[in-house]
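Secondary and tertiary structure notes
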Amino acid sequence: MKSAVMFAKAVDCQLNGNPEEAKVLYKKLLRYHPDNSEVLGNLAVLVKKDGHVQLAEQMLRRAVNANPQNFSALTTLANIKIADQKFAEAKKFNDMALALQPNDPDAIVNDGVLLIHDNKLDEAEFNFWQVMQREPKHITARMNFANVRRLKKDNLDNSIAMLKQVAEHDPGNIMVNLMICAANQDAQRYVEALGYAEK
């Protein structure tokens, strides 16, 4: 099978619920093209989903070294670094991604998260609002928008309602439950906060 066909098949498997087959194909491709940025990046996403974050990070760094324009690898690296609370490194990768695609909603949301860390809440709120205007169902933007409003002490009831909507849509989202807990604590609703802390 030619490399282009194998890559297309791997992507199809990855997008259509067959990640194990996609991994097998990507690994075969890497035997012949060890520095293929797209293959490394796509395989890293699958490896990360399996919980192997360090291996995924190594592969993503190789992908970016091979092609500094690999937007997906840059944003995934930024996400990993945000999760590790290594914000300077996250900003470096996310800024590179924004330089390539300044209107990408996920990169804008990442930028907003980094602005929260820098306590630039108005700028962060604008980022999330901007994404929500284009994609009203963007869960991460909605969750972070409500959280910024909570941090700014802007209408806690509205923030809690927004966070609850996100939780209804994505009940397994631990982060949103923690945000609801914190918002209820801010509103001095400790019993309700405790209910979300236990989820």
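See the structure above.
Residues numbered from 1 in each chain as written. Predicted model: local features only at pLDDT ≥ 70, side-chain atom pairs only at ≥ 80, totals over all residues. Heavy atoms only, no water.

Turning our eyes to something else, we now look at the pattern of salt bridges. Here the structure, examined in full by the defined rule, presents 15 salt bridges. A salt bridge links R150 to D186, with the shortest nitrogen-to-oxygen separation between them at 2.7 Å. Separated by 36 residues along the polypeptide, R150 in helix 9 (residues 139-151) and D186 in helix 11 (residues 174-186) bring together distant segments of the chain. With a closest N to O distance of 2.4 Å, D157 and R189 form a salt bridge. One end of the pair, D157, is in helix 10 (residues 156-169); the other, R189, is in the loop between helix 11 and helix 12 (190-197), with 32 residues separating them in the sequence. Residue D157 is classed as partly exposed on the basis of its relative accessible area of 45%. Classification of R189 as partly exposed rests on a relative accessible area of 32%. Taken together, the shared-partner salt bridges connect E57, R61, K81, D84 and E89 into one network. (Salt bridge = Lys/Arg side-chain N within 4 Å of Asp/Glu carboxyl O. Helix = DSSP H or I, 4+ residues; strand = E, 2+ residues; numbered from the N terminus. Buried < 20%, exposed > 50% of the residue type's maximum accessible area, 1.4 Å probe, protein only.)

Okay, helix 9 next. For helix 9, with 13 residues, the first-to-last C-alpha span of 18 Å sits near the 18 Å given by 1.5 Å per residue. The element helix 9 is extensively covered by neighbouring structure, given that 10 of its 13 residues are classed as buried. Looking only at helix 9, the buried set comprises A141, R142, M143, N144, F145, A146, N147, V148, R149 and R150. At its buried positions, helix 9 is contacted by helix 7 (105-117), helix 8 (121-134), helix 10 and helix 11. (Expected span 1.5 Å × (residues − 1). Contact = heavy atoms within 4.5 Å.)

For the structure on display, the rule yields two aromatic pairs. Aromatic pair F7 and Y26: ring centres 6.2 Å apart, planes at 55°, arrangement tilted. On the criterion of sequence distance, the pair formed by F7 in helix 1 (residues 3-15) and Y26 in helix 2 (residues 19-32) is long-range, its members being 19 residues apart. Looking at F7, the relative accessible area reads 26%, which means it is partly exposed. (Phe/Tyr/Trp six-rings, centres within 6.5 Å; stacked < 30°, edge-to-face > 60°.)

We now examine the nonpolar core. Ranked by internal contacts, the top residues of the largest apolar core, which has 60 residues, are Y26, F128 and L163. Contacts of L163, omitting those with residues within four sequence positions, involve M143, A146, V176, M179, I180 and A183. (Core = buried A, V, L, I, M, F, W, Y, C linked by side-chain atoms within 4.5 Å.)

With their axes 10 Å apart at the nearest point, helix 2 and helix 3 (residues 37-49) run at an angle of 145° to one another. Along this stretch, helix 2 crosses helix 3, giving a crossing that reads as left-handed. Contacts between helix 2 and helix 3 involve P19, A22, K23, Y26, K27, L29 and L30 on the former and, on the latter, V39, L40, N42, L43 and L46. Of the residues that constitute the contact of helix 2 with helix 3, the class distribution is nine nonpolar, one polar and two charged. (Axes fitted to C-alpha atoms, helices over the stretch in contact; angles between N-to-C directions. Left-handed = near helix turned anticlockwise from the far one by under 90°. Nonpolar A, V, L, I, M, F, W, Y, C, P; charged D, E, K, R; others polar.)

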